Amino acid sequence: INHSNNKNFHLIFIGPKLEPWLSKDFSSRKQYAKLSNGLQRCMRKHSGHNSNSGRMTYVDCLTLFCTEDTANVPGAVHGGRAVPDPVYFDGDGLHLSEVGYAVWKEMIEKE
């Protein structure tokens, strides 16, 4: 992106999400959490780092599509307690359903 002439851009970075196929794969869940944390650190480091950088926002989706009663409990991610809610996913357990995309859209529009 050449933003030298446009200081008004807004980059919204959508982080990884826990998906139903990860429910029993604790190793991959930990990798997703590491990836999410690393991306958040990178975004914090570079946002506001340069007056030409415009605006950058990280949307943390790691537990966004998990059941309400499991998303925010202690050990939700690393302890495997966060359970992806199937209502947010298509039958393949990877792609979002219409309900999931509506949640995503709402999160992005807030930014």
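Before any of the text, the structure's been laid out above.
These figures come from a predicted structure and were not determined experimentally.

### Description of the environment of aspartate 69
- Note on placement: aspartate 69 falls in helix α2 (residues 68-71).
- It is 9.6 Å that separates the C-alpha atoms of aspartate 69 and arginine 81, two residues lying 12 residues apart in sequence.
- Among the polar contacts listed, one links the side chain of aspartate 69 to the side chain of threonine 67, at a separation of 3.0 Å.

### Points about the packing of aromatic side chains
- Under the defined criterion, the tally for this structure stands at 6 aromatic pairs.
- Measuring from centroid to centroid gives 5.6 Å for tyrosine 101 and tryptophan 104, while their planes differ by 45°, and the two rings are tilted. With a gap of 3 residues between them, tyrosine 101 and tryptophan 104 both fall in helix α3 (residues 98-110), about one helical turn apart.
- Using a relative accessible area of 42% as the deciding quantity, one classes tyrosine 101 as partly exposed.
- The class of tryptophan 104 is buried, set by a relative accessible area of 19%.
- One aromatic cluster in this structure is built from Phe65, Tyr88, Phe89, Tyr101 and Trp104.

Rules used throughout
- Residues numbered from 1 in each chain as written.
- Predicted model: local features only at pLDDT ≥ 70, side-chain atom pairs only at ≥ 80, totals over all residues.
- Heavy atoms only, no water.
- Helix = DSSP H or I, 4+ residues; strand = E, 2+ residues; numbered from the N terminus.
- Polar contact = N/O pair within 3.5 Å; in protein donor to acceptor, adjacent residues only side chain to side chain.
- Phe/Tyr/Trp six-rings, centres within 6.5 Å; stacked < 30°, edge-to-face > 60°.
- Buried < 20%, exposed > 50% of the residue type's maximum accessible area, 1.4 Å probe, protein only.

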